[in-house]
Amino acid sequence: MPQETPTPSARQTELLEAAYAYALAHGLSDLSLRPLAEAIGSSPRVLLFLFGSKDGLVRALLARARADEVTLLDRARRPDAPVGLGPAVERVWAWLAAPEHRPLLRLWAEAYARSLVEPDGAWAGFARATVDDWLTALAACQPPSERDGEQGAARRTLALAVLRGALLDLLATDDAPRVTAAVDHQLALLRTA
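Rules used in this analysis
- Residues numbered from 1 in each chain as written.
- Predicted model: local features only at pLDDT ≥ 70, side-chain atom pairs only at ≥ 80, totals over all residues.
- Heavy atoms only, no water.
- Helix = DSSP H or I, 4+ residues; strand = E, 2+ residues; numbered from the N terminus.
- Buried < 20%, exposed > 50% of the residue type's maximum accessible area, 1.4 Å probe, protein only.
- Contact = heavy atoms within 4.5 Å.
- Areas by Shrake-Rupley, 256 points an atom, 1.4 Å probe, with all protein chains shown as cover.
- Lys, Arg positive; Asp, Glu negative; His and termini not counted.
- Charge placed at Lys NZ, Arg CZ, Asp CG, Glu CD.

(A) Geometry of the overall build of the chain. For the chain, the count of helices and strands is ten helices and zero strands. Along the chain, from the amino end to the carboxyl end, the secondary structure elements read α-α-α-α-α-α-α-α-α-α. Taking the principal axes of the C-alpha coordinates as reference, the chain spans close to 60 × 45 × 30 Å. Each of the 193 residues in the chain was classed as buried or not, and the buried ones make up 42%. Here the contacts in the chain between residues at least 6 apart in sequence split such that 64% fall between residues at least 24 apart. Carbon and sulfur atoms make up 57% of the accessible area of the chain, which amounts to about 10500 Å² in all. Each charge class in the chain was averaged separately, 21 positive and 24 negative side chains, and the resulting centres sit 1 Å apart.

(B) Broad picture of the environment of Leu47. Mapped onto the elements of the fold, Leu47 is located in helix 3 (residues 44-51). With relative accessibility at 1%, the residue Leu47 sits in the buried group. Separated by 136 residues in the primary sequence, Leu47 and Val183 place their C-alpha atoms 42 Å from one another. Excluding residues within four positions of it along the chain, Leu47 makes contact with Leu15, Leu33, Leu36, Ala37, Ile40, Ser42, Gly52 and Leu57.

(C) The arrangement of unusual backbone geometry in detail. Phi at Asp174 is positive, roughly 60 degrees, even though this residue is not glycine. By the secondary structure assignment, Asp174 is in the loop between helix 9 (150-173) and helix 10 (176-192).

Right, here's the structure in full:
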């Protein structure tokens with residue numbers, strides 16, 4: 001019988017949200033419990049009690065970041081009908097390129113990279129899970145006739161590659177006009193294919 005995850009307490013939820021805000025501002029690479037606890041009005045002992053370990057807290061923060069990412073992806077599709085891959089990529093890119101989303105996207109990039117070079121521990125599976133999240137969301141935007149074939153899978157994989165590459169370029173350079181022009185160029189090719 002699968003073990004049920006207990007419902008988090010109000011205090012655990014409150015501290016997770018505060019720790020998430022801290023991680024958005026400071027990243028996770030050099031996360032230390034003592035400064036984090038002080039910044040969010042707690043203690044390292046309470047954080048360890050509530051999250052089990054530092055890795056448990058990092059896993060909870062990564063799950064929280066993925067929840068935001070999935071919410072973003074859900075906005076790209078309409079519940080009544082597939083919008084098509086081009087319009088979905090356009091909507092997702094508009095959200096990704098907005099300056100107010102950079103803290104979340106930097107946190108995502110950090111977690112994605114750490115998951116690739118440290119495949120065990122708190123980061124385990126994060127990169128793969130986000131790829132699956134994005135491909136699932138993009139597939140839902142494709143009409144069934146396109147979605148269900150090899151070419152549909154290749155088209156959404158290419159769209160994801162363009163979005164992820166453009167996002168990394170944007171985070172590195174902050175040159176939104178140039179990167180958006182490249183995404184727009186790819187969208188034009190996607191629409192004519």
